[in-house]
Amino acid sequence: MSKKAGEQGMATEEKNKKIVIFGAVLIVVILVAIIIFLFSRGREDEPKRNVVVTKDNIEEVADDMMNQDYIEPGYYSTSMSTTWHFATGDAISEDAYVANVEENTNDIYFDVFLADDENKPILKSPVLPRGSELNNIALDVQLSAGTYDCVMVYHLVDEEQNTISTLRVGFTIIVEK
Amino acid sequence: MQKMKKGIAVALTATMALGGTFTAYAADTATTGSTSGSGTSEGHVEQEVLNMVLPTVDSGSTPFAYIMDPERLIQGTDGNKYAEGTVFPAKDGDTGVYFLTAANTYANTSNTLQAINKSSCDVTLTVDVETTAGTKDITLATSSTPSETAAELYLGLKVGNDTTTVKSDKQTVTKTVAGSPTNFEIAVKNGAYVYQEKADATTWKAMNISMTGAVSKKEIASDTTAPTVNVTWSYAKAADGATAATDAVDYVAGPSVAFTSAGAITVSGLASGQTVTSVSIAYTKDGSQQTEELINNPNVTWNADKTSGTMNSNWTDYLQGCGSVTLTVTLSGNVTKTASATF
């Protein structure tokens, strides 16, 4: 009897171990899925290249052209100071502001780049709902004294912060010291 | 005693009579005095608004996205590969570069976009255009007539009345667009003076922008790529003495309708929630005036919200010779807009 009980106990223990392992694996899978989902949100589609028609792709291009949806051009009303002054590279600017005026159709966020390096943003904004304004701006990357040509890339977003459209606006940053 | 009293009475009487007529003259020196009161300033309001409305680029797309067909394969099939109602430029004069300008409608010139100056002051607008190269880009032409001996692509950015050839290095176009100070007023908001746009302001100055393309009619390698166009806007209050461009146009806020002789119908500028409720055309054929409803017409292809439609050749051929044809679009809220095209 005791041997059977012992065997039963071991079987139960074994079963419990499998349940725990399965549960742990399931949790890991769910976490990975969540992480992938979170990082994929808001990621822009890679811009499509302009199409070159050749004998090899004429059928495919024809299909694309027939199925291409026409979307009316969109517009965004910009309201921003076009020259930002910073006393030092890590200071807060007293004259930098960006507003998302009420008449616009979407929330926005923007990234600021140096005009000659659009791979690394020097400022990434929070989401600005319509009717809101961002001021007391400090740069994410400290710049040395000088005058910089910069590009602000606006992203008009939907409720899930996915980019619907973009707009590039050039402006100037001056760091005094 | 009596006499004395009389004398005093006379003296007093005389004093009273004469004293009433005395005028006291001050000594002949300046008088001084002062008065004081406090004043307050009503405050200051900056009477300047800087606001530019600029066109956006759909995610995943590029500014002025185009299709390049150097070998004229699309025209070579007489459009047979395409759905009925797909409109291409006429074969004669087709330049081989196509922009989607309406539902199922392609043209050699893009739709016209606008940079709208909704500022109280003149604004100097700068448009920087440059290309991002692909792996094996076709050569960019230096003039609007691409070479006939080697494959070249011409892209021309038209800003106002001026066209700039797009090149691999950055090209800059600058225009000063007039402001509209009469569209603004001083008002009181939350107890403070503000300088703001009038509620009934509708007309502003804008600069038209479009892209035209042409490609040599030459055979190309199958891995040839087409450069991507990048557009960067910048603007600032115009310097004192800057002259406003004469090729700016009026922009009138609100819905608008466009109708072309190629049968393209476009409704734009709708307010949020505003919809197209009916579309009709009026024309004269063989001396008889006709009106036709188009939303449910089988010879018109529409997008989902009826803001873009294309008449097929059944319509455009039928209307030839009718002269001016008027398109009427009715929007929700009982708003009616019209446009005309000559067939």
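Just so it is clear, the model here is predicted, and its values are computed rather than measured.

## Overview of the overall build of chain A
Argument step 1. Counting secondary structure elements, chain A contains two helices and nine strands.
Argument step 2. Its helices and strands taken in sequence order, chain A reads α-β-α-β-β-β-β-β-β-β-β from the N to the C terminus.
Argument step 3. In chain A, which comprises 177 residues, the proportion classed as buried is 37%.
Argument step 4. Long-range pairs, those at least 24 residues apart, make up 61% of the contacts in chain A between residues at least 6 apart in sequence.
Argument step 5. As displayed, chain A offers around 11000 Å² of accessible surface, 55% of which is attributable to carbon and sulfur atoms.

## Concerning the nonpolar core
Argument step 1. Core analysis: the largest hydrophobic core is formed by 63 residues, its most contacted members being Trp84, Phe110, Tyr154 and Ile173 of chain A.
Argument step 2. In this view, Tyr154 of chain A contacts Tyr76, Thr78, Met80, Val98, Ile108, Tyr109, Phe110, Ser165, Thr166, Leu167 and Val169 of chain A; residues no more than four positions away in its chain are not counted.
Argument step 3. Of all hydrophobic cores here, the second largest spans 23 residues; its members include Phe259, Met311, Trp315 and Cys322 of chain B.

## Observations regarding the pairing of strand β9 (residues 163–175) of chain A
Argument step 1. The buried fraction of β9 of chain A amounts to ten of the 13 residues, a majority that puts the element mostly inside the structure.
Argument step 2. The pairing of strand β3 (residues 83–86) of chain A with β9 of chain A spans four bridges and is classified as parallel. Across the sheet, Thr83 of chain A pairs through a bridge with Thr172 of chain A, a residue of β9 of chain A.
Argument step 3. Bridge count between strand β8 (residues 146–157) of chain A and β9 of chain A: twelve bridges; the pairing is antiparallel. Counted as the bridge partner of Gly146 of chain A is Val175 of chain A from β9 of chain A.
Argument step 4. Examined bridge by bridge, β9 of chain A and strand β2 (residues 57–58) of chain B share two bridges and lie antiparallel to one another. Its bridge partner being in β2 of chain B, Thr166 of chain A is matched across the sheet by Val57 of chain B.
Argument step 5. Of the strand pairs in this sheet, β9 of chain A and strand β15 (residues 228–237) of chain B are connected by two bridges, and their pairing is parallel. Note that in β15 of chain B the partner of Gly170 of chain A across the bridge is Ser234 of chain B.

## Regarding the interface of chain A and chain B
Argument step 1. Taken together, the 43 residues of chain A in the interface contact 62 residues of chain B.
Argument step 2. In terms of surface lost to chain B, no three residues of chain A exceed Asn50, Met65 and Tyr70 of chain A, which account for 19% of the buried area on that side.
Argument step 3. Put simply, Glu103 of chain A and Lys118 of chain B hold a salt bridge, and the shortest N to O gap is 3.4 Å.
Argument step 4. Put simply, chain A and chain B have 19 residue pairs in polar contact (both at pLDDT 80 or more) between them.

## Thoughts on the packing of aromatic side chains
Residues and elements named next belong to chain B.
Argument step 1. A complete count under the given rule lists twelve aromatic pairs over all chains for this structure.
Argument step 2. Summarising the aromatic geometry, the rings of Tyr283 and Trp315 are spaced 6.0 Å apart at their centres and angled 85 degrees between planes, so their arrangement reads as edge-to-face. Linking Tyr283 in strand β19 (residues 276–285) with Trp315 in helix α3 (residues 313–319), this pair joins segments that are 32 residues apart in sequence.
Argument step 3. Taking relative accessible area as the criterion, Tyr283 reaches 3% and is therefore assigned buried.

## Details of the sheet that holds strand β21 (residues 300–302) of chain B
Residue and element names in this part refer to chain B.
Argument step 1. Ordered in space as β17-β18-β22-β21, the four strands form an open sheet in which the pairing is antiparallel. Each of the sheet's edge strands pairs with one partner strand only, and the pair in question is β17 (256–259) and β21. Strand-to-strand twist of the sheet, defined as the mean angle between neighbouring strand axes without regard to direction, takes the value 15 degrees.

## Focus: the environment of Ser147 of chain B
Residues and elements named next belong to chain B.
Argument step 1. Structurally, the position occupied by Ser147 is in the loop between β8 (139–140) and β9 (152–159).
Argument step 2. On a C-alpha basis, the gap between Ser147 and Ala253 in space is 42 Å, while along the polypeptide they are 106 residues apart.
Argument step 3. Setting aside residues up to four positions removed in sequence, Ser147 forms contacts with Glu152 and Ser216.
Argument step 4. Within polar-contact distance, the side chain of Ser147 engages the backbone nitrogen of Ala150 at 3.2 Å.

## Overview of the pairing of strand β1 (residues 52–55) of chain B
Argument step 1. In β1 of chain B, alternate side chains face the same way, and those of Met52 and Leu54 of chain B on one face and Val53 and Pro55 of chain B on the other are all buried.
Argument step 2. As defined by bridge partners, strand β2 (residues 75–80) of chain A adjoins β1 of chain B across four bridges and the pair is classed as antiparallel. Across the sheet, Ser77 of chain A pairs through a bridge with Val53 of chain B, a residue of β1 of chain B.
Argument step 3. Pairing analysis gives two bridges linking β1 of chain B to strand β6 (residues 113–117) of chain B, with the strands arranged antiparallel.

## Some remarks on the domain arrangement of chain B
Residues and elements named next belong to chain B.
Argument step 1. Per the domain assignment, the segments making up chain B are domain 1 (42–253) and domain 2 (254–343).
Argument step 2. Of note, the centres of domain 1 and domain 2, computed from C-alpha atoms alone, are 25 Å apart.
Argument step 3. Each partner contributes to the interface: domain 1 provides ten residues, whereas domain 2 provides ten residues.
Argument step 4. Here domain 1 meets domain 2 over a buried area of about 720 Å², counting both sides, of which 51% is carbon and sulfur.
Argument step 5. Where domain 1 packs against domain 2, one counts zero salt bridges.

## With respect to the pattern of salt bridges
Close approach of charged atoms allows side chains with opposite charge to pair.
Residue and element names in this part refer to chain B.
Argument step 1. Evaluation of the coordinates by the stated rule reveals ten salt bridges over all chains.
Argument step 2. A salt bridge links Lys205 to Asp250; its shortest N-O distance comes to 2.8 Å. Residue Lys205 is found in strand β14 (residues 203–215), and its partner Asp250 is found in strand β16 (residues 249–252); the two are separated by 45 residues along the sequence.
Argument step 3. Via salt bridges that share partners, Asp162, Lys175 and Asp247 belong to a single interconnected network.

## A word on the environment of Met311 of chain B
All names here are of chain B.
Argument step 1. Note that Met311 resides in strand β22 (residues 308–311).
Argument step 2. Between the C-alpha atoms of Met311 and Ile220, which are 91 residues apart in sequence, the distance is 34 Å.
Argument step 3. If we skip the residues at most four places from it in the chain, Met311 touches Val87, Phe259, Ala262, Gly263, Ile265, Ile281, Leu294, Asn299, Val300, Thr316 and Leu319.

Rules used in this analysis
- Residues numbered from 1 in each chain as written.
- Chains lettered and ligands numbered in written order.
- Predicted model: local features only at pLDDT ≥ 70, side-chain atom pairs only at ≥ 80, totals over all residues.
- Heavy atoms only, no water.
- Helix = DSSP H or I, 4+ residues; strand = E, 2+ residues; numbered from the N terminus.
- Buried < 20%, exposed > 50% of the residue type's maximum accessible area, 1.4 Å probe, protein only.
- Contact = heavy atoms within 4.5 Å.
- Areas by Shrake-Rupley, 256 points an atom, 1.4 Å probe, with all protein chains shown as cover.
- Core = buried A, V, L, I, M, F, W, Y, C linked by side-chain atoms within 4.5 Å.
- Pairing = 2+ DSSP bridges.
- Buried area = accessible area lost by both parts, 1.4 Å probe.
- Salt bridge = Lys/Arg side-chain N within 4 Å of Asp/Glu carboxyl O.
- Polar contact = N/O pair within 3.5 Å; in protein donor to acceptor, adjacent residues only side chain to side chain.
- Phe/Tyr/Trp six-rings, centres within 6.5 Å; stacked < 30°, edge-to-face > 60°.
- Axes fitted to C-alpha atoms, helices over the stretch in contact; angles between N-to-C directions.
- Domains from an automatic or database assignment.

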